[in-house]
Amino acid sequence: MDKSQIIQDTIIFVKETLKNAEGGHDWFHIERVYKNTLLIAKQEQVDVFIVALGALLHDIADSKFHNGDETVGPKVAQQFLDSLKVETFVINHVIAIIENISFKGGNEIQKFKSLELDVVQDADRLDALGAIGIARTFNYGGFKKRAIYNPEIKPNLEMSKEAYKASTAPTINHFYEKLLLLKNRMNTKTGKELAQKRHDYMEQYLDQFYAEWNGKL
């Protein structure tokens, strides 16, 4: 099977698997990350086939929706790629991307590094920023029945991975605990440039949010 057919089969598989997914982690999220990945990859010396598969499969079974089990996604991806008889070295690299792409509270040491991971990670983080990042954040907060904002509950920037995953803090806190930190954690030149624009937009949004919350506008 040629690479273009594998990509097309993967798109079909992901669309079907995520057809009932939460709105911030559905096929459209995958599609945006896939497009961002291909955009960033144009400026990097990477294996485009690996980054494409990594982008398409990176959230095939997000641990947030599987009781925190981080092994489900890699297993699903492995079984699917095996079924297409994808080369072992490609599968291993894609699985490593899936296992290491997540923010995980920001205090975890990344155990695997590659330029392909850098590209897919940047593409995924871009979708957590800007207008779409704001929309996804509040969509997930609503899905988890979290408060929008509570001035008495302050953001926690020192959370362990376990505490981060178990957090029930108001949605606004997530801006400080993750989203506003991403700009300085981008890997590629293109990713950094795009992240800065989206970061600036989120800061403008927060200024407007607090002004309205406090009755100043």
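Use the structure listed above.
Residues numbered from 1 in each chain as written. Predicted model: local features only at pLDDT ≥ 70, side-chain atom pairs only at ≥ 80, totals over all residues. Heavy atoms only, no water.

### With respect to helix 5 (residues 88-100)
In this model, helix 5 (13 residues) spans 18 Å end to end at C-alpha, consistent with the 18 Å of a helix rising 1.5 Å per residue. Next to the buried residues of helix 5 lie helix 3 (48-57), helix 4 (72-83) and helix 6 (115-126). (Helix = DSSP H or I, 4+ residues; strand = E, 2+ residues; numbered from the N terminus. Expected span 1.5 Å × (residues − 1). Contact = heavy atoms within 4.5 Å.)

### Concerning the pattern of salt bridges
Following the criterion strictly, the structure yields four salt bridges and no others. For aspartate 127, the salt bridge goes to arginine 32, with nearest N and O atoms at 2.7 Å. A residue pair is termed long-range when its members are at least 10 positions apart, and aspartate 127 in the loop between helix 6 and helix 7 (130-143) and arginine 32 in helix 2 (residues 27-41) qualify at 95 residues. Where salt bridges share partners, they join Arg32, Asp127 and Arg136 into one cluster. (Salt bridge = Lys/Arg side-chain N within 4 Å of Asp/Glu carboxyl O.)

### Thoughts on unusual backbone geometry
In this structure, lysine 85 is a non-glycine residue whose phi angle is positive, near 60 degrees. With respect to the element layout, lysine 85 can be found in the loop between helix 4 and helix 5. By relative accessible area, which is 73% here, lysine 85 ends up exposed. At lysine 145, a residue that is not glycine, the phi angle is positive and equals roughly 60 degrees. (Buried < 20%, exposed > 50% of the residue type's maximum accessible area, 1.4 Å probe, protein only.)

### Observations concerning the nonpolar core
Within the largest apolar cluster, 54 residues are counted, with the highest numbers of intra-cluster contacts made by Ile7, Leu53, Leu57, Leu81, Val86, Val94 and Phe175. Here the element with the most residues in this core is helix 3; it accounts for eight residues. (Core = buried A, V, L, I, M, F, W, Y, C linked by side-chain atoms within 4.5 Å.)

### Points about the packing of helix 2 against helix 6
As a packed pair, helix 2 and helix 6 sit with axes 8 Å apart at the nearest point and diverge in direction by 130 degrees. By the criterion of interaxial angle, the relationship of helix 2 to helix 6 is oblique. As helix 2 runs across helix 6, the sense of the crossing is right-handed. Taking contact as the criterion, the partners of His29, Val33, Asn36, Thr37, Ile40 and Ala41 in helix 2 are, on helix 6, Val119, Val120, Asp122, Ala123, Asp124 and Leu126. Considering only residue class, the contact of helix 2 with helix 6 consists of seven nonpolar, three polar and two charged. (Axes fitted to C-alpha atoms, helices over the stretch in contact; angles between N-to-C directions. Parallel < 35°, antiparallel > 145°, perpendicular 65-115°, else oblique. Left-handed = near helix turned anticlockwise from the far one by under 90°. Nonpolar A, V, L, I, M, F, W, Y, C, P; charged D, E, K, R; others polar.)

### A few points about the environment of glycine 191
Residue position: glycine 191 is located in helix 10 (residues 189-213). For the pair glycine 191 and leucine 39, spaced 152 residues apart in sequence, the C-alpha to C-alpha distance is 9.5 Å.

### Brief notes about the environment of tyrosine 140
Here tyrosine 140 lies in helix 7. Between the C-alpha atoms of tyrosine 140 and glutamine 208, which are 68 residues apart in sequence, the distance is 21 Å.

### Thoughts on helix 3
In an α-helix there are 3.6 residues to a turn, and that puts residues three or four apart on one side. In terms of burial, helix 3 is a largely internal element, nine of the ten residues being buried. Taken together, the buried positions of helix 3 are occupied by Phe49, Ile50, Val51, Ala52, Leu53, Gly54, Ala55, Leu56 and Leu57. In the core, the buried residues of helix 3 are packed alongside helix 1 (3-17), helix 2, helix 4, helix 5 and helix 6.

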